[in-house]
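Results of the structural survey
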Amino acid sequence: AGSVLAILAALLPTPVTATSHAREYAATTANATAELFLFVAKYYCGTSKSLEINVWNSHLAAQRKAAAKMKVATKAAWWEGFDLGYFGRMRGLLMKHVEVLEDLDRRLGVLQVCVLREEFSESHAKVMEPVRPKLIDLVCAMGETLMAATICCTDGSIAEDECESMRRRISDIRKLLYEVASTFSSVRKTQSANGTGLDQDLRTESFFICEVSKCAEILVVFAQELIDPNSHSPKAIHLVVAGAIRNWFDPKVITTSSYIYFVLRNGISIVVAFLLGLWIWDYDSSMAGYVALMVSAKPGAALLQNLGRMQGTVLGMLVGNILFSTLGSKEHFYVQCVAILVFEFCTNFIYHSSEEFGAIGALLAVFGGKVLMQQGIDEISPQELLHMESAAYHQFYMLAIGLAVNTLTDMILLSAPASTMAREALLQGMDRSFNQFENFLVDGFSQLEGLGSFVGEVDANFADAEKFSLEADQEPRWHKALFRTKLFGLLIDKLRETHADLLTVQRSFHGEGGEELFSLISERPSFPAVRRELLAKMQRTQKLLRDVLGHESIGRIDPDILNGVADLGGSQPEALERLIAEIRQEVLASSHKKHGKFEPGTMALDQVCRLCTFLEMLSRVAKDVHSTLAVTIEQL
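Structural notes, computed from the coordinates. (Residues numbered from 1 in each chain as written. Predicted model: local features only at pLDDT ≥ 70, side-chain atom pairs only at ≥ 80, totals over all residues. Heavy atoms only, no water.)

**Looking at the nonpolar core**
Among the nonpolar cores identified, the biggest contains 136 residues, and L138, M166, F208, L426, F437 and I583 are the most heavily contacted of them. If we ignore the near neighbours within four places in the chain, the residues touching I583 are L198, L520, I521, R524, L611 and L615. In terms of nonpolar packing, the next biggest core, distinct from the first, is built from 14 residues, Y290, M317, L363 and F367 among them. (Core = buried A, V, L, I, M, F, W, Y, C linked by side-chain atoms within 4.5 Å. Buried < 20%, exposed > 50% of the residue type's maximum accessible area, 1.4 Å probe, protein only. Contact = heavy atoms within 4.5 Å.)

**Considerations on the packing of helix α2 (residues 18–44) against helix α5 (residues 85–117)**
Following both chains from N to C, one finds α2 and α5 inclined at 25°, their axes separated by 10 Å at the closest point. The orientation of α2 relative to α5 falls into the category roughly parallel. Two packed elements cross with a definite hand, and for α2 against α5 that hand is left-handed. Together, T19, A22, R23, A26, T29, A30, T33, L36, F37, V40, Y43 and Y44 of α2 and M90, L94, H97, L101, L104, L108, L111, C114 and V115 of α5 make up the contact between the two elements. (Axes fitted to C-alpha atoms, helices over the stretch in contact; angles between N-to-C directions. Helix = DSSP H or I, 4+ residues; strand = E, 2+ residues; numbered from the N terminus. Parallel < 35°, antiparallel > 145°, perpendicular 65-115°, else oblique. Left-handed = near helix turned anticlockwise from the far one by under 90°.)

**Side note on the pattern of salt bridges**
With the rule as written, the count across this model stands at 24 salt bridges. Between R167 and E160 there is a salt bridge; the shortest N-O distance is 3.8 Å. Taking relative accessible area as the criterion, R167 reaches 37% and is therefore assigned partly exposed. Judged by relative accessible area, E160 falls into the exposed class, the value being 58%. With its nearest N and O atoms 3.5 Å apart, the salt bridge here joins E217 to R174. Taken as a pair, E217 in helix α8 (residues 200–226) and R174 in helix α7 (residues 160–191) lie far apart in primary sequence, 43 residues in all. Judged by its relative accessible area of 18%, E217 is buried. (Salt bridge = Lys/Arg side-chain N within 4 Å of Asp/Glu carboxyl O.)

**Quick notes on unusual backbone geometry**
A positive phi is found at D83, a non-glycine position, where the angle reads about 60°. As for its position among the elements, D83 is in the loop between α4 (78–81) and α5. Unusually for a residue other than glycine, Y283 sits at a positive phi of about 60°. Inspection of the secondary structure assignment puts Y283 in the loop between α11 (257–279) and α12 (286–293). A relative accessible area of 66% means that Y283 is categorised as exposed.

**Some thoughts on the state of the cysteines**
Following the criterion strictly, the structure yields zero disulfides and no others. Cysteine C163 is unpaired, with the sulfur of C152 as its nearest cysteine sulfur at 7.3 Å. Here C163 falls in the buried class, since its relative accessible area comes to 8%. The cysteine C215 is free of any disulfide, with C210 supplying the nearest cysteine sulfur at 9.7 Å. (Disulfide = S-S within 2.5 Å.)

**Quick word on the packing of aromatic side chains**
Tallied over the full model, the rule gives 18 aromatic pairs. Between Y86 and F87 the ring centres are 5.7 Å apart and the planes differ by 70°, which places this aromatic pair in the edge-to-face class. Under the relative-accessibility criterion, Y86 is labelled partly exposed at 34%. For F87, a relative accessible area of 41% puts it in the partly exposed group. Taken together, the aromatic side chains of F437, F440, F509, F518, F527 and F614 make up a single cluster linked through ring pairs. (Phe/Tyr/Trp six-rings, centres within 6.5 Å; stacked < 30°, edge-to-face > 60°.)

What follows is the structure, given as structure tokens:
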């Protein structure tokens, strides 16, 4: 009966499903994204800075959290329809929607950098004022197209009239892209001192227009995929079954050392708890159940989580028993009902509203509610009541023993403490990001293949580093010095910013003409010097961070680790200005050959805009690396 009521509670008055949550998040995140684009476009076209940009930054952070929840809900929706028929088609469209929103979110981060770098000088107003009307119209058209596409994705089908409307929207965006491109090209030509558009005062404007145009192109491609009936046709049953089996038993996952170690470590904990309950506590399986709740992906990184679970279980049973003893009689029946309602409401509120204490709230609801819903205390004999109190104590005891079993198994099989795993995750993410950029500068355009999957790996490294650092701050250090929590947090933020900027530099060469653009830059005489100086600073940063984070003893750190840092120079490569001059000269010669004719229909393909993006972000990368060095040295 309880199971039936639980199912009915999830279905009435309207079903509470992962699909409905995914559709809701799709609408809210799409609307938030459209509003963010409109605000940043209006702000950048303004004439002065304002504190409103700080509000925009907070809204951007909130939108990213909602997008992450949408991704989780969309993945969970697989279990509700198994990707069959209508459900499979709708989930496929929502997954495409998630990918587009993630791409747009990265672009919003780039626009954020551009806006924060802008000084809103007089020259900025002269450049943006003529472009403002068409640019605002373009951003509005982008928002309308995104919302229309969202409606199609959440419906799971696209009618013929919706396809026709989408075609008109695509045509409108392409027309506005051309108008923005031609207007900005004309303004840039008149405002440029040397006719190339690579002036310092025009770079951020070109950067901004280029990124907005790229976002518009992303939405155009997404809309074209939606109106293509072959791109979202439902999968055949045998393909769905085959895909599910491949995902359940993916050899790339289940044969990895980390996965095998996970199964071995947690399997030993559960088996030991089960055998203890079998041999010592007269076939009591509760300890094994508690240990199963403490399963963690990596050893040494779940102590706080397990303590939280213990806290939620103990408090739930304790509070439940106190309320039951006070209100469990027949004369307090209605008061007991109200107490159950209030208790479950409060604990569920904690579960849904707190990321830190959500798991504790869930355990409070489960274990406390279970005690509160027992039969009336008037109907229980003193012996039965004594047995209940003894059973409650026994559950506390089993939980404590289970936590001890889980912790001891982790300690015996521990490959590394949380501080070591945090350090390794951070350094691995940094190495991957920096080495990819080094390969790009050395080997060229071919290194851009597979950049999308690489981004996910680096983001996962930094997320692991952040998670493990919280555990490292609480672990016993014994003979080691205190964990450098402040420095570690600063480095995570700095390296995330640097990684995003490195990606922006590389993505400026994506698309048509990217290889030719890289050749134009790499063939300049000053490029090897800029590359050599920038890579030397990045390699020195990698070594310094490895030495500083690897020093965990209470003794003083060796001052020799700073040798050579002073020789790295300022925040900008000395040869960068020479490189800019050489690129400007080449662009000017190329424009004379073309007689100044405007060619691309969008600034996303404009050579000068892409060069401005490259130069601006290359300068920012140099500052990022210099800032990371400075923060590390300052915190020593």
